[in-house]
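Read off the chains here:
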Amino acid sequence: MLTDIREGRVLNPVVRHITQEKINLYAEASGDFNPIHVDESFARKTPLGGTIAHGMLNLAYVSEMMTSAFGRNWLAEGKLRARFKEPARPGDTLTISGKIDCVEQKDDVSYAICSFECRNQKGEMIVTGETTVKLSKDEKHDRK
Amino acid sequence: MYYYIVYRCIKNNQMSVKAVSCDELIAGYEFPRATYELTALLVSKYLKAVDGAGDGFVPPMAITACAIAAITKSFSPPAGTVVIHASQELEFFKLVPIGATIECHARVAQKITRGRMSMLILELEIVDQSKEKVQSGRATIALPS
């Protein structure tokens, strides 16, 4: 977990390689068998030209980065807003990065406002968004 | 043209199926509730799929995934077309222990049709067995109209 929560602090990135096997595992775990994710012959005939990863799989990696930085504060009281820009495909290596944009005080409670992005190995933006995490009173943080 | 959402509700290993036409997916439409038991096996499968490490609680994105899948898994758009998850907003309210049972509620907040595409804005609310709110959120889904 982060020990210094301050504006501009970069979160430890998460790097994950997407494979069809992982997508299939995710489909089994989530119950989402939309053919665009798991049926290669179907997906090839669509405008997307092949299978794509579930959007929620990409967000699982974002959540991993946030959990690593903020622990249970994220798991219990996090907020997220994400926009899916491009699909992640089998063979892609995704890098999820983020930083604390600011630390806000509201009603005697501090919140870390973070931005994040997920890019593939070509630098294409796959997902972008913002998160908000309520901070514990005993956590060290600085608004600057 | 009609196509159908087949909504699957799983509870105590029993499954019921209800089909609704796409035309019924208008603002205010409420999907049938879906109930999931978040077993250690389900969480273990999820963690394996996302390369995640467990910490005794259900990952919040696993809970969201159940809710999203319950709504979208049986969309049957016209051949050669796809349903796209365009955006997602989420808020978590509490830690959920492994073994808990959750109930997913979803409704169509808005439907915008432009040309051959429709955007559905879905509101989600997930509660635990004590009816305490676990998560809420909004998903935007694009589908052919």
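Throughout what follows, the structure given in this document is the object of discussion. All of these numbers come straight from a predicted model, not from anything done at the bench.

1. Brief notes about the overall build of chain B
Here is step 1 of the chain: Scanning chain B from terminus to terminus reveals 2 helices and 7 strands.
Here is step 2 of the chain: For chain B, the succession of helices and strands along the chain, N to C, is β-β-β-α-α-β-β-β-β.
Here is step 3 of the chain: Within chain B, the proportion of its 145 residues that are buried is 32%.
Here is step 4 of the chain: Once local pairs closer than 6 in sequence are excluded, the contacts in chain B between residues at least 24 apart make up 67%.

2. Focus: unusual backbone geometry
Here is step 1 of the chain: You will see that Asp108(A), though not glycine, has its phi angle at about 65°, which is positive.
Here is step 2 of the chain: In this structure, Asp108(A) sits in the loop between β4 (93–106) and β5 (109–119).
Here is step 3 of the chain: Of the residues examined, Asp108(A) has 6 C-beta atoms within 10 Å and is grouped as exposed.
Here is step 4 of the chain: In the Ramachandran plot, Lys131(B) falls in the positive-phi region, its phi being about 70° despite a non-glycine side chain.
Here is step 5 of the chain: Position of Lys131(B) relative to the elements: it lies in the loop between β6 (117–128) and β7 (133–144).

3. A few points about the interface of chain B and chain A
Here is step 1 of the chain: Each partner contributes to the interface: chain B provides 34 residues, whereas chain A provides 33 residues.
Here is step 2 of the chain: For the side of chain B that touches chain A, the secondary-structure elements that each account for two or more residues are α1 (40–49), α2 (60–72) and β4 (84–92) of chain B.
Here is step 3 of the chain: Within the side of chain B that touches chain A, the residues separate by chemical class into 19 nonpolar, 8 polar and 7 charged.
Here is step 4 of the chain: Pairing geometry for strand β3 (residues 78–84) of chain A and β4(B), over 5 bridges, is antiparallel. Among the inter-strand pairings, Leu80(A) is bridged to a residue of β4(B), identified as Leu90(B).

4. Overview of the packing of helix α4 (residues 55–70) of chain A against α2(B)
Here is step 1 of the chain: Axis separation between α4(A) and α2(B) bottoms out at 9 Å; the angle between their running directions is 165°. By the criterion of interaxial angle, the relationship of α4(A) to α2(B) is roughly antiparallel. The handedness of the crossing between α4(A) and α2(B) comes out as right-handed. Facing α4(A), whose interface residues are Met56(A), Leu59(A), Ala60(A) and Ser63(A), α2(B) presents Pro60(B), Met61(B), Thr64(B), Ala65(B) and Ile68(B).

5. Focus: the sheet that holds strand β3 (residues 34–37) of chain B
Here is step 1 of the chain: Read across the sheet, 10 strands follow the order β2(A)-β4(A)-β5(A)-β6(A)-β3(A)-β4(B)-β7(B)-β6(B)-β5(B)-β3(B) without closing on themselves; strand pairing throughout is antiparallel. Edge positions in the sheet fall to β2 (10–17) of chain A together with β3 of chain B, since each has one partner strand and no second. When strand polarity is set aside, the average angle formed by the axes of neighbouring strands in this sheet is 20°.
Here is step 2 of the chain: Two strands pair when backbone bridges link them, and β2(A) and β4(A) are joined in this way by 6 bridges, in the antiparallel orientation. Bridge assignment links Leu11(A) to a residue of β4(A), and that residue is Gly98(A).

6. Considerations on helix α1 (residues 20–30) of chain A
Here is step 1 of the chain: Every buried residue of α1(A) is accounted for by Ile23(A), Tyr26(A), Ala27(A), Ala29(A) and Ser30(A). Axial view of α1(A): buried residues confined to an arc of 165°, hence all on one face.
Here is step 2 of the chain: Here the buried face of α1(A) lies against α2 (35–38) and α4 of chain A together with α1 and α2 of chain B.
Here is step 3 of the chain: Phi turns positive one or two residues past the end of α1(A), at Gly31(A), with a value near 85°.

7. Focus: the pairing of β6(B)
Here is step 1 of the chain: Summarising the sheet, strand β5 (residues 101–114) of chain B and β6(B) pair through 12 bridges and their orientation is antiparallel. The residue of β6(B) that forms the bridge with Val108(B) is Leu122(B).

8. Let's talk about α4(A)
Residue and element names in this part refer to chain A.
Here is step 1 of the chain: For α4, built from 16 residues, the straight-helix expectation of 22 Å at 1.5 Å per residue is met to within 8% by its first-to-last C-alpha distance of 22 Å.
Here is step 2 of the chain: Extensive coverage of α4 is indicated by the burial of 15 of its 16 residues.
Here is step 3 of the chain: Looking one or two places after α4, you find glycine 71, whose phi comes out positive at around 55°.

9. Here we look at the environment of Arg16(A)
Here is step 1 of the chain: Residue position: Arg16(A) is located in strand β2.
Here is step 2 of the chain: Judged by C-beta crowding, with 21 C-beta atoms within 10 Å, Arg16(A) ranks as buried.
Here is step 3 of the chain: Separated by 68 residues in sequence, Arg16(A) and Phe84(A) have C-alpha atoms that sit 17 Å apart.
Here is step 4 of the chain: Here Arg16(A) is in contact with Tyr61(A), Leu94(A) and Asp51(B), once residues within four sequence places are set aside.

Cut-offs applied
Residues numbered from 1 in each chain as written. Chains lettered and ligands numbered in written order. Predicted model: local features only at pLDDT ≥ 70, side-chain atom pairs only at ≥ 80, totals over all residues. Helix = DSSP H or I, 4+ residues; strand = E, 2+ residues; numbered from the N terminus. Buried ≥ 20, exposed ≤ 12 C-beta atoms within 10 Å, placed from the backbone. Contact = placed C-beta atoms within 7 Å. Nonpolar A, V, L, I, M, F, W, Y, C, P; charged D, E, K, R; others polar. Pairing = 2+ DSSP bridges. Axes fitted to C-alpha atoms, helices over the stretch in contact; angles between N-to-C directions. Parallel < 35°, antiparallel > 145°, perpendicular 65-115°, else oblique. Left-handed = near helix turned anticlockwise from the far one by under 90°. Arc of directions from axis to C-beta. Expected span 1.5 Å × (residues − 1).

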